[in-house]
Amino acid sequence: LEVRVAETARRYHLDDSAVVGLLSVFRERLRLRCDLDQDFEELGQHLAASNKPSAFVCNRLAELRAGKPIGPCKFQVVSPANPVTVAVTPSRPSSVGGGSGGGGGSGGA
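Residue indices follow the written sequence of each chain, beginning from 1 at its first position. Local features in this predicted model are restricted to residues whose pLDDT is 70 or higher, and side-chain atom pairs enter the listing and the counts only when it is 80 or higher, whereas totals over whole chains, interfaces and linings include all residues. Hydrogens and water molecules were not included; the side-chain quantities draw on all heavy atoms of the structure.

K.L.:
Any details on the overall build of the protein chain? Residues and values, ideally.
P.N.:
Here a helix means four or more residues in a row that DSSP labels H or I, a strand means two or more in a row labelled E, and each is numbered from the N terminus. The secondary structure content of the protein chain amounts to four helices and zero strands. Taking the contacts inside the protein chain whose residues are at least 6 apart along the sequence as the reference set, 69% of them involve residues at least 24 apart. Only the protein chains shown count as cover for residues, and all accessible areas are computed by the Shrake-Rupley method using a 1.4 Å probe. A total of about 8100 Å² of accessible surface is found on the protein chain, and carbon and sulfur atoms cover 53% of it. Contact between two residues is taken to exist if any of their heavy atoms lie within 4.5 Å; hydrogens are not considered.

K.L.:
Mind laying out the pattern of salt bridges, listing which residues take part and the relevant values?
P.N.:
By definition, a salt bridge exists where a carboxyl oxygen of Asp or Glu is found within 4 Å of a side-chain nitrogen of Lys or Arg. Going through the model one piece at a time under the given rule, you end up with five salt bridges. Across the pair Asp37 and Arg4 runs a salt bridge, and its minimum N-O distance is 2.8 Å. Here Asp37 is found in helix 3 (residues 36-49), whereas its partner Arg4 is found in helix 1 (residues 2-12), with 33 residues between them in sequence. Think of it in three bands: residues with accessible area under 20% of the maximum for their type are buried, residues over 50% are exposed, and the middle band is partly exposed, with areas taken using a 1.4 Å probe on protein chains only. For Asp37, a relative accessible area of 54% gives the class exposed. Between Glu63 and Arg60 there is a salt bridge whose closest N-O contact spans 3.0 Å. Of this pair, Glu63 and Arg60 both sit in helix 4 (residues 53-65), three residues apart, which is roughly one turn of the helix.

K.L.:
Can you break down helix 1 residue by residue, with the values?
P.N.:
Taken residue by residue, helix 1 has Val5, Thr8, Ala9 and Tyr12 as its buried positions. Within helix 1, the buried residues cover an arc of 100° as seen down the axis, which keeps them to one side. Along helix 1, the residues that are exposed and aim more than 90 degrees away from the buried face are Val3, Arg10 and Arg11. For helix 1, the secondary structure elements touched by its buried residues are helix 2 (16-31), helix 3 and helix 4. Phi turns positive, to about 55°, at His13, one or two residues after helix 1. Throughout, the arc means that of the directions going from the helix axis to the C-beta atoms.

K.L.:
So, the packing of helix 1 against helix 3: which residues are in play, and what are the values?
P.N.:
Axis angles are defined between N-to-C directions and span 0 to 180 degrees, where every axis is a line fitted to C-alpha atoms and, for a helix, only to the segment in contact. Their axes nearest at 11 Å, the elements helix 1 and helix 3 cross at an angle of 10°. As the angle between them shows, helix 1 and helix 3 are arranged roughly parallel. Facing Arg4, Val5, Thr8 and Tyr12 of helix 1, the residues of helix 3 in contact are Leu36, Asp37, Phe40, Gly44, Leu47 and Ala48. Along the lines of polarity and charge, the residues of the contact of helix 1 with helix 3 split into six nonpolar, two polar and two charged. Just so you know how the angles are binned, under 35 degrees is roughly parallel, over 145 roughly antiparallel, 65 to 115 roughly perpendicular, and the rest oblique. Charged means Asp, Glu, Lys or Arg here, nonpolar means Ala, Val, Leu, Ile, Met, Phe, Trp, Tyr, Cys or Pro, and polar covers whatever is left, Gly included.

K.L.:
Help me get a handle on the environment of Ala18, residues and values and all.
P.N.:
Position of Ala18 relative to the elements: it lies in helix 2. Residue contacts for Ala18: discarding those within four places in its chain leaves Ser54, Val57 and Cys58.

Written out as structure tokens, the structure is:
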């Protein structure tokens, strides 16, 4: 159990308080006979999609300790193995200060 929590912590860069909380929670979930394989799988999905994985863990500790299911993540994570290609088109150069065309400054009279 400790090894799996440590691997999860390393993979998702969890801070110490999140790691301590996860260890405590997963010990309790083991006692409650929760499916830890499914728990680690679903937790990994959530942590991969989270901008703040340590905060996610800390916010969910009470629910996890109570034995509530983690549930699948609703957000899709783009895998680094399948990078998204974004086409960038050059923007038109803006004419700063002068040039011909439409009235940019205060006119005379």
